[in-house]
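Tertiary structure, described
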Amino acid sequence: MTQFDYDLFVIGAGSGGVRASRMAAKHGAGKIAIAEEHRYGGTCVIRGCVPKKLFVYASEFEKTFKLAESFGWSVGESEFSWEKLIAAKDAEIDRLEGIYQRLLKNSGVEMISDRAVIEGPNTIRLVNEDRTVTAKKILIATGGTPFAHEGMVGHRLGITSNEAFYLPELPKRVVVAGGGYIACEFAQIFKGMGSDVVQVYRGDKVLRGFDEDVRDHVHNEIEASGVRIITNTIFTKIEDIGDGVKRVHLKNGEVLEAECVMYAIGRNPHTVGLGLETAGVEVDEKGAIKVDAYSKTTADHIYAVGDVTNRVNLTPVAIREGAAFAQTVYNDNPTAFDHSDIASAVFTQPPVGSVGMTEAEARESFKEVDIYKTSFRPMKYSLSDFGSRMLMKLVVDGETQRVLGVHIVGPDAPEMIQLAGIAVKAGLTKDQYDAACAVHPTSAEELVTMADKWVPSE
Ligand code: NDP
């Protein structure tokens, strides 16, 4: 019988890889190792969701101080220190990384801090240690990397979200490219902290893929927060004009100057140089690993979970795919994670919470679609001159009355959508929403009190 060094070798200690290895250990998978070339916790913990949300909190305070005045508070001189924020954020990320390492250690998973590449069907090379190991099964959970506009003249002068978390100082002026999650979130993070921000998007309205009402609302709110959005154009080149200033040329002929230029124009699956071809693991045209419903690749004993498979690129999805892999392979319980109706949030200001179908998607699939929507000023702003509004929208199948989608923009939308996500996943109907008694006074109560169907104006 062939002997392997490990029963399971996991490449990548991000959300998916860590959950999969811990669950595999729990199900008695045998000897498990996990290799990580950067830091334990992966993109989400080290340079993604977690530090991003800390930055969002930090960037909201100026507005909060102004709001406080509407409630009678006098707020004195305030000052923001980028250095203090970075130091506090770094300490928190160190703490979280330590937790991830402890969880792995306590599960009996061997941690190998090295770059691992596949060298044959069951062979893995540890690049820095310069040695090979063998494994009966391999799980690839290497995530994604930001697209850094390679190929454009002067692309090296820009940064991605990876570097945004480690800038030595807060830039005076920032130009952000993109109109997706990361671009919108960072445009307002920098704005809130005090930078002048221009966002450049190739489309006509940010957040493509979201419900049109959400897109309109968020686009307007970003502009109202003081970010200038330039639409329907892209970067053509960047020059260094000295004194730390970069000059960005746009296709529409406009020229912008800034101390920081950030690309948030998508992320690519992290598969380059991984040696997948040596093990018969196929990738698609975007470089994402092809997997079946059970996260099995085109090689029988190799699996892949998370962003590297480019299914739904969200942390909780990678975690669920990792857990489903462990159930399937080590607990004799074939489990395919259901990728439908996944709730998600965009931490713009105000934030977005969204689950299920957009109105446009519903109209493509259902004969009759009922829309319920409302827009109002959140109570918290009622004593101030803040113009920011809340949007709530239900997309309902006109025949069965099943609620197909819930879309919210406004304070606490990410918290609300987690619960709305349960109702959408459960397939509840509009009547069942309405049967729930409201919680008053809240914004969320609108979700169970929208009585009238929305009728488009002529
Ligand atoms: P997105 O895919 O969300 O957005 C990419 C943006 O860049 C789009 O606006 C796209 O335009 C634009 N774009 C793509 N290519 C080019 C190009 N060559 N030139 C100019 N513009 C371009 O990617 P992000 O980088 O914002 O985020 C990556 C993923 O990370 C997301 O899909 C999301 O799953 C995840 N994420 C989730 C977060 C959350 O849950 N809150 C937060 C941050 C990230 P177009 O719309 O026309 O395609």
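A short tour of the structure in this document, coming up. (Residues numbered from 1 in each chain as written. Predicted model: local features only at pLDDT ≥ 70, side-chain atom pairs only at ≥ 80, totals over all residues. Heavy atoms only, no water.)

Section: the site of the ligand
To keep things clear, this is the line we draw: The rule for a residue being near a molecule or strand is that one of its heavy atoms must lie within 4 Å of it. The term polar contact refers here to a pair of N or O atoms within 3.5 Å; inside protein, the definition further demands a hydrogen-donor-capable atom paired with an acceptor-capable atom, and it admits residues adjacent in sequence only when both atoms are side-chain atoms. Using a 1.4 Å probe, the Shrake-Rupley method yields the accessible areas, and only the shown protein chains count as cover for residues. Under the DSSP-based scheme used, a helix requires at least four consecutive residues in state H or I and a strand at least two consecutive residues in state E, with every element numbered from the N terminus. Residues were grouped as follows: Ala, Val, Leu, Ile, Met, Phe, Trp, Tyr, Cys and Pro as nonpolar; Asp, Glu, Lys and Arg as charged; and all remaining residues, including Gly, as polar.
In the vicinity of the ligand lie 19 residues, with Ile182, Tyr201, Arg208, Asn313 and Ala345 positioned nearest. Contacts to the ligand include Arg202, whose side-chain N or O atom sits 2.9 Å from an oxygen atom. Within the backbone of Ala345, an N or O atom sits 2.7 Å from a nitrogen atom of the ligand. Protein contacts shield 77% of the accessible area of the ligand, which totals 910 Å² for the unbound molecule. For the shell around the ligand, the element with the highest residue contribution is helix H6 (residues 181-193), accounting for three residues. Split into classes, the residues belonging to the shell around the ligand amount to nine nonpolar, five polar and five charged.

Thoughts on helix H8 (residues 315-330)
One turn of an α-helix holds 3.6 residues; hence residues three or four places apart share an orientation. What counts is decided by this rule: Helix span, as expected, comes to 1.5 Å for every residue beyond the first. Here the term buried applies to any residue with accessible area under 20% of the maximum for its type, exposed to any over 50%, and partly exposed to those in between, with areas from a 1.4 Å probe on protein chains only. The contact criterion used is simple: two residues touch if any of their non-hydrogen atoms lie within 4.5 Å.
End to end, H8 covers 22 Å across 16 residues, agreeing with the expected 22 Å (1.5 Å per residue, within 8%). Here H8 has its buried residues at Thr315, Val317, Ala318, Glu321, Gly322, Ala324, Phe325, Ala326, Thr328 and Tyr330. Looking at the buried positions of H8, the neighbouring elements they touch are strand S1 (6-11), helix H1 (15-26), helix H2 (42-47), helix H3 (49-70), strand S6 (131-140) and strand S16 (302-304). Downstream of H8 by a residue or two, Asp332 has a phi angle that is positive, lying close to 50°.

Considerations on the packing of aromatic side chains
Test applied: Within 6.5 Å between ring centres, the rings of Phe, Tyr and Trp (the latter by its six-membered ring) count as paired, and their orientation is classed by plane angle as stacked under 30 degrees, edge-to-face over 60, tilted in between.
Under the criterion given, the structure shown has 11 aromatic pairs. Ring centres of Phe55 and Trp82 lie 5.6 Å apart, and the angle between their planes is 65°; this geometry places the pair in the edge-to-face category. Of the two residues, Phe55 is situated in helix H3 and Trp82 in helix H4 (residues 82-106); the sequence distance between them amounts to 27 residues. When its relative accessible area of 3% is taken as the criterion, Trp82 is described as buried. Seen in terms of ring centroids, Phe55 and Phe165 are 5.2 Å apart; in terms of plane orientation they differ by 55°. Their pairing is tilted. Here Phe55, found in helix H3, pairs with Phe165, found in the loop between helix H5 (161-164) and strand S8 (173-177); they are 110 residues apart in sequence, far enough to count as distant.

A look at the packing of H3 against H4
Applied cut-off: Helix axes are fitted only over the stretch in contact, all axes being lines through C-alpha atoms; the angle between N-to-C directions runs from 0 to 180 degrees. Here a crossing is taken to be left-handed if its near helix is turned anticlockwise relative to the far helix by less than a right angle, and right-handed if that turn runs clockwise.
Following both chains from N to C, one finds H3 and H4 inclined at 145°, their axes separated by 10 Å at the closest point. Viewed along their axes, H3 and H4 form a crossing whose handedness is right-handed. Residue-level contacts link Val50, Pro51, Leu54, Phe55 and Ala58 of H3 to Trp82, Leu85, Ile86, Lys89, Glu92, Ile93 and Leu96 of H4. Tallied by class, the residues present in the contact of H3 with H4 amount to 10 nonpolar, no polar and two charged.

Comments concerning the packing of H3 against H6
For clarity, the threshold we go by: When an angle is under 35 degrees it counts as roughly parallel; over 145 it counts as roughly antiparallel; between 65 and 115 it counts as roughly perpendicular; any other value is oblique.
Between H3 and H6, the shortest axis-to-axis distance is 7 Å and the interhelical angle comes to 40°. One finds that H3 runs oblique with respect to H6. The handedness of the crossing between H3 and H6 is left-handed. Across from Lys52, Phe55, Val56, Ala58, Ser59 and Glu62 in H3, the residues of H6 making contact are Glu185, Phe186, Gln188, Ile189, Gly192 and Met193.

Concerning the pairing of S6
Quick reminder of the rule: Pairing between strands requires that DSSP locate at least two bridges from one strand to the other.
As defined by bridge partners, S1 adjoins S6 across five bridges and the pair is classed as parallel. Its bridge partner lying in S6, Leu8 is registered against Lys137. Between the end of strand S5 (residues 123-126) and the start of S6, which pair antiparallel, lie four residues, with Asp130 showing a positive phi angle near 55°. Bridge count for S6 against S16 is three bridges, and the pairing is parallel. Residue pairing for S16: Ile138 is matched across the bridge by Ile302.

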